[in-house]
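Given next are the chains, with one letter for each unit.
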Amino acid sequence: MRLRPRCCRKPPRRHPPIRKSAVRYEGLKRFLAPRIFFAAFFFGVVMFAASYAWEPGPSYGGTVVTASIAEPSNLIPFLASDTASHEVISKIYNGLLRYNPDLELEGDLAERWEVSSDGTEIAFILRRDVFWQDGERFTSKDVDFTFRALIDPATPTPYAGDFERVERLETPDDYTVKVFYAEPFSPSLSSWTMPIVPAHLLEGEDLMRTRFSRDPVGTGPFRFRRWVSGERIELAAFETHFRGRPKIDRMVFRVIPDQTTMFLEVLQQSVDLAALTPLQYARQTRGGFFAKHFNKLRYSGMGYVYLALNLTHPLFGDLRVRQALDFAIDRDELIEGVLLGQGTVSTGPFAKGSWAYNPEVQASVFDPDRARQLLKEAGWSDLDGDGILERDGKPFEFTITTNQGNEQRRQAAQIMQRRLRDVGIRVRIKVIEWSVFLDVIDERRFDAVLLKWSLSLDPDPYDIWHSSKTAPGEFNFVSYANARVDELIEAGRNTFDREARAAAYREIHRIVHDEVPYLFLFESDALLAMHRRFRNVRVSPLGIGYDLLDWEVPVDERRYTRYAP
């Protein structure tokens, strides 16, 4: 046996004594090592994905509580003629088209549209991603049903005039609507901003009695939740709205029929969005508390405040009498006393911001002597010396009716009452609840009413001033009739030439001003308070709300758990 040399042999390895703690450590290391590796790997993957692929989603939640001075009358769009109703309706429904902040028409339920060269045909191509809030798909059948309901003589709608020129409507497939007009109709496109209602829920229903008027289903960003009569209407975000889910969870419309009470609710922060009176806007919101919690918003409104005279009333049939009333009113006094200077004089049926406005028409000057002279020419005199004019043994007296809760209108009525008393006319003031007020107007049970028109962006005056629009529920409730005005209205509807339309409307402005069916009083800005916790609220010529889907409330500033579903 050959032995290796000693120098080539490895020396024996000497190990330290083995301790039990070391055994435990080595076992734990073998157990944890692979798990630590995988945990580190997983954490790295997550961080990589967060850095390069994931973006934080929108923060959904919160409730906006807005104050309404009146309760809606009806939530079927073409049956509602009041602002309170349409404020809610605009959140529940969509039209085929809508106006954008640049006051241009764009698609809403319609993806696109085409107008024939002669202006007598419009083809709407509908979106294919729209669903009703009950899950049914929106189709051309819904447009067809809405149109048929609007033109049905049994439907008491003030909006039928926008569709009476339609010769026929065709739906060749579920996503195409073709509208044929007998002749060119300039407001045709704007008329299709009318909200569309669901055929599958309203076909065969009696529209005047259906529960749908208080339990509606639409395609809009918010769906109806509940209506507590005289108190509030609640809406909830429509999760699958075709433009995306609103970031706000709920909208609540609280009915507060008094502007002073409404302002107190604002100061208590139990209301987020509310109209302000000029006094509140200018003087009562100066403190640090209000500035800390609220923003003040102001924008020009397309509308005017007026005193409408019932032309079927024996007192107002004489033009000289209506002119006398016009001369007896000091509009500058109204603007200073009621609006605190935050407004301008109204001169006729078009607002100053409209391209139809006639700048050459001047407001009637305040001239009580001229008013007395006109009344004398009309046969009115103070025979018994009591300061009130009489004719045929009857005193000259009438009632101004307006709605409850609007302090501006009450103040304006009181100022006019005093000025008319100065020329020998006794005026009573009646302030009544909104729904009763609407009935009084519809049934023509008034002498004169003090109101405001909020006008459409298309200035077509057909519904308010055409002699055919005097039926109950329609807007010519003073029974104004002038053949030349009818002719000009129709001429303006028959051309797409804006200059030709403007010329017709400027003549209408002059005629209506001169005939005094209304005392045109003033135009006022919209004045609002909005709680500061709401982000992404922007003011545009449309007001606020076009960007409603973007309104957001930080998580730590949310409130109103009482409105949870």
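We now turn to the structure provided with this report. Please read all numbers here as calculations on a predicted model, not as lab measurements.

The subject of this paragraph is the overall build of the protein chain. If you tally the helices and strands in the protein chain, you get 16 helices and 20 strands. When burial is assessed residue by residue, the protein chain has 50% of its 565 residues classed as buried. Long-range contacts, defined as pairs at least 24 residues apart, comprise 69% of the intrachain contacts of the protein chain with a sequence gap of at least 6. Counting every atom, the protein chain has about 27600 Å² of accessible surface; 51% of that belongs to carbon and sulfur.

Here we take up the nonpolar core. Within the largest apolar cluster, 97 residues are counted, with the highest numbers of intra-cluster contacts made by F78, L96, F124, W192, F477 and Y518. In contact with F124, not counting residues within four places along its chain, are L96, L97, A110, R112, W113, Y175, T176, V177, V179, L189 and W192. Formed by 38 residues, the second largest nonpolar core is a distinct cluster that contains L325, I329, L339 and I425.

All right, on to helix α9 (residues 319-328) then. Residues of α9 that are buried include every one of V321, R322, A324, L325, D326 and A328, and no others. Capping of α9 at its N-terminal end is provided by D318; its side-chain oxygen lies 2.8 Å from the backbone amide nitrogen of R320.

This next bit is on the sheet that holds strand β5 (residues 121-126). Ordered in space as β4-β5-β7-β6, the four strands form an open sheet in which the pairing is antiparallel. A strand with exactly one partner marks an edge of an open sheet, and here the two such strands are β4 (110-115) and β6 (166-173). Taking each pair of neighbouring strands and ignoring which way they run, the sheet shows an average axis angle of 15°. Pairing analysis gives five bridges linking β6 to strand β7 (residues 176-181), with the strands arranged antiparallel. The residue bridging D173 from the neighbouring strand is T176, located in β7.

Inspection of the secondary structure puts P461 in the loop between β19 (448-454) and α14 (462-465). Classification of P461 as buried rests on a relative accessible area of 5%. When neighbours within four sequence positions are excluded, P461 is seen to be in contact with F350, H466, I489, Y505 and I508.

This next bit is on the side chain of T210. Tracing the backbone through its elements, the reader meets T210 in the loop between α5 (199-202) and β8 (222-228). Here the side chain of T210 touches E205 through a polar contact of 2.7 Å, side chain to side chain. From its side chain, T210 meets the backbone nitrogen of F212 in a polar contact 3.1 Å long. Excluding anything up to four places from it in sequence, T210 contacts I76, L202 and E205.

The next thing to look at is the packing of α9 against helix α11 (residues 368-377). Any two packed helices are characterised by how steeply their axes cross, that is the angle between the axes, and by the distance between the axes. Between α9 and α11, whose axes approach to 8 Å, the crossing angle comes to 165°. Relative to α11, α9 is oriented roughly antiparallel. For α9 against α11, the interelement crossing comes out left-handed. Along its contact with α9, which presents R320, V321, Q323, A324, F327 and A328, the element α11 presents P368, R370, A371, L374, L375 and E377. Within the contact of α9 with α11, the residues separate by chemical class into eight nonpolar, one polar and three charged.

About the criteria used
Residues numbered from 1 in each chain as written. Predicted model: local features only at pLDDT ≥ 70, side-chain atom pairs only at ≥ 80, totals over all residues. Heavy atoms only, no water. Helix = DSSP H or I, 4+ residues; strand = E, 2+ residues; numbered from the N terminus. Buried < 20%, exposed > 50% of the residue type's maximum accessible area, 1.4 Å probe, protein only. Contact = heavy atoms within 4.5 Å. Areas by Shrake-Rupley, 256 points an atom, 1.4 Å probe, with all protein chains shown as cover. Core = buried A, V, L, I, M, F, W, Y, C linked by side-chain atoms within 4.5 Å. Polar contact = N/O pair within 3.5 Å; in protein donor to acceptor, adjacent residues only side chain to side chain. Pairing = 2+ DSSP bridges. Axes fitted to C-alpha atoms, helices over the stretch in contact; angles between N-to-C directions. Parallel < 35°, antiparallel > 145°, perpendicular 65-115°, else oblique. Left-handed = near helix turned anticlockwise from the far one by under 90°. Nonpolar A, V, L, I, M, F, W, Y, C, P; charged D, E, K, R; others polar.

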